[in-house]
Amino acid sequence: MEWEVVIGLEIHVQLATNTKIFSGASTAFGAEPNTQACAVNLALPGTLPVFNENALRMAIMFGLAVNAEIGKRSVFERKNYFYPDLPKGYQTTQLAEPIVGPGFIDIETDDGDTRRVRIHHAHLEEDAGKSLHEDFHGMSGIDLNRAGTPLVEIVSEPDMRSSKEAAAYARKIHAIVTTLGICDGNMAEGSMRCDCNVSIRPKGQETLGTRTELKNINSFRFIERAIDTEVNRQIDLIEDGGRVIQETRLYDPDKNETRSMRSKEEANDYRYFPCPDLLPVVIDDTYIDNIRASLPELPDARRARFCEEYGLSEYDAGVLSSDRAQADYFETVTGLTQSAKLSANWITGELARLLNQADLTIQQSRVSAEQLAGLINRIQDETITGKIAKTVFEILWNEGGTADQIIETQGLKQVNDTGAIEAAIDQVIAQCSPQVEQYIQAEPDKRGKMLGFFMGQVMKLTQGKANPGQVQGLLKQKLDQRC
Amino acid sequence: MFNLTLSELSQALSRGEYSSRELTQAFLDRIQSLDTQYNSFITISEEQAIEQAKAADAIRAAGKATRLTGLPIAHKDLFCTQGIRTSCGSKMLDNFISPYNATLVERLNQAGMVTLGKTNMDEFAMGSSNESSYYGAVKNPWDAGRVPGGSSGGSAAAVAARLIPASTGSDTGGSIRQPAALCGITGLKPTYGRISRYGMIAYASSFDQAGPMTRTAEDAALLLQAMAGEDPLDSTSSTQAVPDYTSTLNDNLSGLRIGLPKEFFAEGTDPLILQRVQEAVAEFEKMGATVKEISLPNTQLSIPSYYILAPAEASSNLSRFDGVRYGHRCDTPKDLEDLYKRTRAEGFGAEVKRRIMVGTYALSEGFYDAYYRKAQQIRRVIQQDFIDALNEVDVIMAPVTPCSAFHLGEKNSDPVSMYMEDIFTLSLNLAGLPGISIPCGFADHLPVGLQVIGNYFAEGKLLNIAHQYQQVTAWHQQAPANLSED
């Protein structure tokens, strides 16, 4: 039987406010446990929440960026359950009246088409603390630094039809929230976490199959792998005569398997009700319009502009616009070099490779946009060859400095002196008489290909510094003279 | 000095008759020697009190004293006090020392008041007799075999017994007004949001409101002045400006329109209480007020809706008492579930457990619409009844309680009859309106309270009315017999 996969995502995005959603404690990541938990975060008796307006503004920015209705009146509710990292015994969240109503974004499907993914709603809520199960000899440690960090939970409709689409949707959300500057986008630190609702149904069937929820996936790659794994499990299960039960499952990336966490029957009755400590949040059109006017250029618009203004390919434009910092970096380099093509190639090529290797974001890059631009300019004015440029780039990355300094001190300048190049060519021709003989014997239309060998030899002899264009011209001239 | 009001003591301090240090010591000694009879205090904070009194004397010496500087006060034990245990009348918080002050405490400290201790109360403010306290029942100073009312029973008894000239209380369904009535003192429940709730341990957040408990309306005005006002730490605190309450105390009451809701004067209330209230109303007529009968047609729905909504909020508010971060924790828990179950089974008393269960049930899936949502609708209906009534009249007058102080243990086994105690008080909390209870005579030698209900933020008017009544009557000056005098 042919199966159709149906996926909906719930994405938790930590908002980049300085302080928590209902208190003045800092939200910075990585502090000593419980040093960023104030009386409110500890849920001391008598403490009360006060709503952080910055979180509201950020949620509205998101809503506007995904074409959503903004809730003129939104209400915080209490979701009641007991857990040690939930100090009040309830999470303050939104349910019936969220800040962001229905919206949508468009993603590219596997076959290059555009698919519209509808967003059911997005709501504001507080993050919980963390339970630490190691190092406490049969007890658990509780770190409440994260407790009260503002989150926007973005709930999609079940509109995705493959794991690739799910990952593309998540990437697009990531691009939007980082472009808006409302989230640092650091998935490894949990700034964006994803729950995937997955079901399958026979192709053509209208009604949805029973779904399972894969919890807390924190990379795009794992979204794809977890969904693929779960889809296969569901298909095997059904084809073997079983049935899928509604439950929450955990994806184990080490074993590449999903396993049951809790079933629907074990689920809590959260006893939601409006939080009496917080007033309904009421905003007007002027408030929303002011935020709309302050929105930065969004990823889709920037991508289109990159294609049009810089003549980039759809692919390069898509990659570069997916992250605001990266797009800004690109535009800085292009501005300084006047070459969008070279800038794009270096950023998506060498720079991306080294960032990846060192596990750094572009903000943490060891080569600044200005440094890279300095290097590209030397390629453009033919001071160095592209090959040498890679060496210079590695030195920039490892040791810092400017391209000019490195070229100067390491003597990497391109050789444009025809005399010197001719001397090198003559030397190669003298040393490689068998290959020269083959070249002469070859059909004229095959000779072009054979030229590469001699090019390589000349470049080797000149330590890569010879101007490749000149080498090619002179080489052809000299060899053809012999035919 | 123990029979003097705050206002009188303030004058004595400024005349230099005694220092705050001496005043404080005298009240501390009196509490130590007499409170064994009443059990109105849970904690006496002698050391801190002496320090505060010394500081107050220094401020006075520097010429910077306010009317409240150096005056003693006691706080209901649900207001967090830095460095002094805040138990909320519960085993759960028997070991809890707050690292911060409630806003209300902070404001009274700033005004220079001296905290002598923390008063007894029904556990987590749930009760109408002060019998649910982990620290034992409080005795009514008018009759030690009877309850002082609740939940601010310790605060009321301590003021009635002249152990303290004033105290703070909190009122969720009548917890200031009912004990004030049963103990013969003055108790004001302000408009919801008038006084910050920050640092007041929550029972039912949309009802809870702090207020002063004093012997006179004038003292209540002095305290409210310092307690009221917007607090950036409490989003539900009102931004409405705080008027000068003392400046309107002597306004003329001629032309005041008084409404008497017929539902509050129906059968079921002690006829002697109704008689005392009618007599009080007659006093106001003498002052030029007019009286008309009004109707609050949904009064009978107030108890059922309150006892859905307040427990619902409480069931959530009390979830934080889980043995993880502070307060009681059971010995050697096997696992997390055991920790929760035994900690809460041991830490909470029967009435608290009852309300947590009722509230949890009312919010449960499948019952929410029938209980919580319906009760919220009724709440709005009751609020509308009051709004309509207060369009016709300036204030509403009524009894505070259907009967005077009852015997200890009398209603303990029957929660519903205990809940009926609040029939005249808790509809105000549903509506968020202010009300004051003032002594208006006796029924069989037990104090009777008159309740005056005003429009939103009409505290000034209520205090004015109460003060004028206290100018022409002496009920508020009556002290229980057999009180040791200084």
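Note that the coordinates shown come from a computational prediction; the quantities given were computed from them, not determined experimentally. (Residues numbered from 1 in each chain as written. Chains lettered and ligands numbered in written order. Predicted model: local features only at pLDDT ≥ 70, side-chain atom pairs only at ≥ 80, totals over all residues.)

In terms of regular secondary structure, chain B is built from 15 helices and eleven strands. Computed over C-alpha atoms, the radius of gyration of chain B comes to 21 Å, within 12% of the 23 Å expected from 2.2 N^0.38 for 486 residues, which places it in the range of a compact globule. Taken along its principal axes, the extent of the C-alpha atoms in chain B is 65 × 55 × 45 Å. Among the 486 residues that make up chain B, the fraction classed as buried is 60%. For chain B, the proportion of contacts with a sequence separation of at least 24, taken over those separated by at least 6, is 76%. (Helix = DSSP H or I, 4+ residues; strand = E, 2+ residues; numbered from the N terminus. Rg over C-alpha atoms; globule rule 2.2 N^0.38 Å. Buried ≥ 20, exposed ≤ 12 C-beta atoms within 10 Å, placed from the backbone. Contact = placed C-beta atoms within 7 Å.)

Scanning chain A for helices and strands turns up 15 helices and 15 strands. A compact globule built from 483 residues should have a C-alpha radius of gyration of about 23 Å, whereas chain A, at 29 Å, is more than 25% larger. For chain A, the spread of C-alpha atoms along the principal axes amounts to about 90 × 55 × 55 Å. In chain A, of all internal contacts separated by at least 6 residues, the share reaching a separation of at least 24 is 68%.

As a further point, take the interface of chain B and chain A. Residue-level contacts link 34 residues of chain B with 24 residues of chain A. Listing elements by their share of the side of chain B that touches chain A, those giving two or more residues are helix 9 (302-317), helix 10 (336-347) and helix 11 (350-363) of chain B. The greatest single-element share of the side of chain B that touches chain A, amounting to three residues, is contributed by helix 9 of chain B. Residue classes in the side of chain B that touches chain A are distributed as 17 nonpolar, ten polar and seven charged. (Nonpolar A, V, L, I, M, F, W, Y, C, P; charged D, E, K, R; others polar.)

Attention now goes to the sheet that holds strand 6 (residues 114-126) of chain A. Residues and elements named next belong to chain A. Spatial ordering of the open sheet is given by 5-6-9-1-10-11-12-13, a layout of eight strands whose pairing is mixed. Edge positions in the open sheet fall to strand 5 (103-108) and strand 13 (257-263), since each of these has one partner strand only. The sheet shows a mean angle of 30° between the axes of neighbouring strands, taken without regard to direction. Here strand 11 (residues 212-217) pairs with strand 12 (residues 247-252) via four bridges, running parallel. Across the sheet, K215 pairs through a bridge with L250, a residue of strand 12. Lying over the sheet, helix 2 (residues 163-180) contacts strand 1 (3-14), strand 5, strand 6, strand 9 (150-156) and strand 10 (192-202), oriented at roughly 20° with respect to strand 1. (Pairing = 2+ DSSP bridges. Axes fitted to C-alpha atoms, helices over the stretch in contact; angles between N-to-C directions.)

This next bit is on the domain arrangement of chain A. The domain architecture assigned to chain A consists of domain 1 (3-287), domain 2 (297-410) and domain 3 (418-482). One C-alpha centre belongs to domain 1 of chain A, the other to domain 3 of chain A; they are set 62 Å apart. (Domains from an automatic or database assignment.)

Before going further, it helps to examine the pairing of strand 2 (residues 72-76) of chain B. Residue and element names in this part refer to chain B. For strand 2, the buried fraction is high: five of the five residues fall into the buried class. As paired strands, strand 2 and strand 3 (residues 114-119) are joined by five bridges and run parallel to one another. Within the sheet, the bridge partner assigned to H75 lies in strand 3 and is K118.

Another point: the sheet that holds strand 3 (residues 76-80) of chain A. Residue and element names in this part refer to chain A. Spatial strand order, 4-3-14: three strands in an open sheet with antiparallel pairing. Of all strands in the sheet, those with a lone pairing partner are strand 4 (90-94) and strand 14 (273-274), marking the two edges. Bridge count for strand 3 against strand 4 is five bridges, and the pairing is antiparallel. Directly across from E77, in strand 4, lies its bridge partner T93.

Another point: the nonpolar core. The biggest cluster of nonpolar side chains holds 143 residues, and the ones touching the most others in it are L104, A156, I164, M227, V395, V452 and A466 of chain B. It is helix 7 (residues 217-227) of chain B that provides the largest number of residues to this core, a total of eight residues. Apart from the residues within four sequence positions on either side, L104 of chain B is in contact with F79, T168, I195, S196, G199, M200, A210 and M227 of chain B. In terms of nonpolar packing, the next biggest core, distinct from the first, is built from 66 residues, F62, I105, A167 and I227 of chain A among them. (Core = buried A, V, L, I, M, F, W, Y, C linked by C-beta atoms within 7 Å.)

Once that is clear, we can look at unusual backbone geometry. G150 of chain B connects to S151 of chain B through a cis peptide bond whose omega is 5°. Within the secondary structure, S151 of chain B sits in the loop between strand 3 and helix 5 (153-160).

The two faces of the sheet receive side chains in turn, since in a regular strand these alternate between them. All names here are of chain B. Pairing geometry for strand 7 (residues 257-261) and strand 8 (residues 290-294), over five bridges, is parallel. Bridging from a neighbouring strand, I258 pairs with V291 of strand 8. Handedness of the crossover is the feature at issue here: the chain leaves strand 7, passes through helix 8 (residues 271-286), returns alongside strand 8, and the resulting connection is right-handed. With two bridges joining them, strand 7 and strand 9 (residues 395-399) adopt parallel strand pairing. Residue pairing for strand 9: I258 is matched across the bridge by V395. (Right-handed = clockwise from strand over helix to strand, strands pointing away.)

Once that is clear, we can look at the environment of M92 of chain B. Residue and element names in this part refer to chain B. Secondary-structure assignment places M92 in the loop between strand 2 and helix 4 (103-110). Once the C-alpha coordinates of M92 and D322 are considered, the two residues, 230 residues apart in sequence, prove to be 9.2 Å apart. Every residue in contact with M92, bar those within four places of it in the chain, is listed here: F321, G327, H328, G347 and F348.

Take the packing of helix 2 of chain A against helix 3 (residues 220-239) of chain A next. All names here are of chain A. Packing of helix 2 against helix 3 brings their axes to within 8 Å, and their N-to-C directions diverge by 155°. Judged on the interaxial angle alone, helix 3 and helix 2 are roughly antiparallel. For the crossing formed where helix 2 meets helix 3, the hand is right-handed. Contact residues: S163, K164, A166, A167, A170 and R171 in helix 2; F220, I223, E224, I227 and D228 in helix 3. Of the residues belonging to the contact of helix 2 with helix 3, the class tally is six nonpolar, one polar and four charged. (Parallel < 35°, antiparallel > 145°, perpendicular 65-115°, else oblique. Left-handed = near helix turned anticlockwise from the far one by under 90°.)

Moving on: helix 9 (residues 369-380) of chain A. Residue and element names in this part refer to chain A. Over its twelve residues, helix 9 extends 16 Å from the first C-alpha to the last, a length consistent with the 16 Å expected when each residue adds 1.5 Å. Summarising burial for helix 9: nine of the twelve residues are buried, a large majority. A369, Q371, L372, A373, G374, L375, I376, R378 and I379 are the residues of helix 9 that are buried. Looking at the buried positions of helix 9, the neighbouring elements they touch are helix 7 (324-337), helix 8 (340-358), helix 10 (386-399) and helix 11 (403-410). (Expected span 1.5 Å × (residues − 1).)

This next bit is on the environment of Q427 of chain A. Residues and elements named next belong to chain A. Tracing the chain through its elements places Q427 in helix 12 (residues 418-431). By C-beta crowding, Q427 is classed as partly exposed, having 13 other C-beta atoms within 10 Å. For the pair formed by Q427 and V458, sequence separation is 31 residues and the distance between their alpha carbons is 8.6 Å.

Residue and element names in this part refer to chain A. Relative to the elements of secondary structure, V415 occurs in the loop between helix 11 and helix 12. A count of 18 C-beta atoms within 10 Å places V415 in the partly exposed class. Sequence separation between V415 and K465 is 50 residues, and the spatial gap between their C-alpha atoms is 5.5 Å. In this view, V415 contacts A420, I421, T462, K465, A466 and N467; residues no more than four positions away in its chain are not counted.

Residues and elements named next belong to chain A. In contact at an axis separation of 10 Å, helix 14 (residues 444-461) and helix 15 (residues 468-482) are set at 125° when each is read in the N-to-C sense. Relative to helix 15, the element helix 14 lies oblique. The way helix 14 lies across helix 15 gives a crossing that is right-handed. Contacts between helix 14 and helix 15 involve L451, F454, M455, V458 and M459 from the first element and V471, Q472, L475 and K476 from the second. Looking at the contact of helix 14 with helix 15, its residues break down into seven nonpolar, one polar and one charged.

This next bit is on the confidence of the model for chain B. Of all residues in chain B, 99% have pLDDT values of 70 or greater, and the mean over the chain is 96. Prediction confidence for the complex, expressed as pTM and ipTM, is 0.89 and 0.96 respectively. (pLDDT = per-residue confidence, 0-100.)

Residue and element names in this part refer to chain B. With eleven of its eleven residues buried, helix 7 lies for the most part within the structure. By the burial criterion, the buried members of helix 7 are A217, E218, D219, A220, A221, L222, L223, L224, Q225, A226 and M227. Immediately downstream of helix 7, the backbone of G229 shows phi near 130°, a positive value.

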